[in-house]
Amino acid sequence: MTHDHSAASDRGASRPFGRLITAMVTPFTADGSLDLDGSVRLAQHLVDEQGNDALVLNGTAGESPTTSEAEKEALIRAVVEAVGDRARVIAGVGTNDTRHTIELAAQAEKAGAHGLLVVTPYYNKPPQSGLLRHFTAVADASGLPIMLYDIPHRAGVAIATDTLVELAGHDRIVAVKDAKGDLFATAAVLSRCDLAYYSGEDALTLPFLSIGAVGVVGTSTHFTGVQTKQLIEAYEAGDNATALALHRRLLPLFTGIFRTQGTILVKAGLAAQGLPAGPVRSPLVDATADELAQLRADCAAAGLPLPE
């Protein structure tokens, strides 16, 4: 069974950003400054070689805590110009300050982004009424479709089921990147509204599909994009055996990419492939020789060995 992956084919409510999305790392030059040319080359690789339907820019994987607003805007403009005709560009704009998030959303929209990723406000741990007000205010202020990002182990607070269902009533809140890892809660939300769910944990892609999710926002998909898309398509086509075989084959890399902070290992792996990556910015630290050796072992176990 084949699928049409043109931008038009997935624009319905069912999968507003396609199936396969990678949260792209942000390449830096050797001195740590933004590598716009490298960012364009990496985006083209992820879309044209790895089969991504969309890219998230300026997410945590893209080191958003340590990039400036000017860098964020320049990155969106460059990547939209390079791949925006064949993939959606989703801008991470979430902060723990509603006013600042709205400002970043406006900047991303002006820069040409096709959608927004808005994370749960972190560290200040607002109550559910505060989350509802925050996400609604951002959606009211923007003309772009929004993917909520539910990641309680980083934010310190989860988006409750009732809150998600209420937010689903907003015309521009269309999707969720779910890194909560609570299949019970996710199943409950999916039974009560039509939000498009994307697994925020690479290794949970297949279990999430089985309860109604439509795809993944991945990290290991910098390397596993082609095979992860095959997994999703096999499941959608009713070929559960192939989907399960791919899940089991890719599991060492789905999980191995998070042995340390994911951006660190993605950048090490991209560098080994000769792709743009560069160093990470402090307080992150570049992969050690042992960490790179373990990543090589995980890639090999998944059938996707890194060049020596």
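Keep in mind that what you see is a predicted model, and the values were worked out from it rather than measured. (Residues numbered from 1 in each chain as written. Predicted model: local features only at pLDDT ≥ 70, side-chain atom pairs only at ≥ 80, totals over all residues. Heavy atoms only, no water.)

Chemist: So what's going on with the overall build of the protein? Residues and values would help.
Modeler: Scanning the protein from N- to C-terminus turns up 12 helices and eight strands. Relative to a compact globule of 308 residues, whose C-alpha radius of gyration would be 19 Å, the protein shows 18 Å and is just as compact. Seen along its three principal axes, the alpha-carbon backbone of the protein occupies a region of about 50 × 45 × 35 Å. A total of 308 residues make up the protein; the buried ones form 54% of that total. Restricting the contact set of the protein to residue pairs at least 6 apart, pairs at least 24 apart contribute 70%. (Helix = DSSP H or I, 4+ residues; strand = E, 2+ residues; numbered from the N terminus. Rg over C-alpha atoms; globule rule 2.2 N^0.38 Å. Buried < 20%, exposed > 50% of the residue type's maximum accessible area, 1.4 Å probe, protein only. Contact = heavy atoms within 4.5 Å.)

Chemist: Which residues make up the UniProt feature "active site" (unreviewed entry) in the protein, and what values go with them?
Modeler: The positions that UniProt labels "active site" (unreviewed entry) are, in the present scheme, Tyr149 and Lys177. Spanning 29 residues, the annotated positions come together in the fold, the maximum distance between their C-alpha atoms being 4.7 Å. By secondary structure assignment, the location of Tyr149 is in strand β5 (residues 146-150). According to the relative accessible area criterion, Tyr149 is buried, its value standing at 9%. (UniProt positions renumbered as here; feature names shortened; annotations may be inferred.)

Chemist: So what's going on with helix α9 (residues 221-236)? Residues and values would help.
Modeler: Its 16 residues place the ends of α9 only 19 Å apart at the C-alpha level, less than the 22 Å of an ideal helix rising 1.5 Å per residue. Of all bends in α9, the biggest is about 40°, found at Gln227. Summarising burial for α9: 12 of the 16 residues are buried, a large majority. Of the positions making up α9, those classed as buried are Thr221, His222, Phe223, Thr224, Gly225, Gln227, Thr228, Lys229, Leu231, Ile232, Glu233 and Ala234. Elements that come into contact with the buried residues of α9 comprise β1 (20-23), α1 (36-48), α8 (205-210), β8 (215-218), α10 (240-256) and α11 (262-272). Looking at the residues trailing α9, positive phi occurs at Gly238, about 85°. (Expected span 1.5 Å × (residues − 1). Bend = angle between axes of the 7 residues up to and from the residue.)

Chemist: Got a sec to walk through the side chain of His247? Specific residues and values, please.
Modeler: For His247, the location among the structural elements is in helix α10. On the basis of relative accessible area, His247 is assigned to the buried category, the value being 12%.

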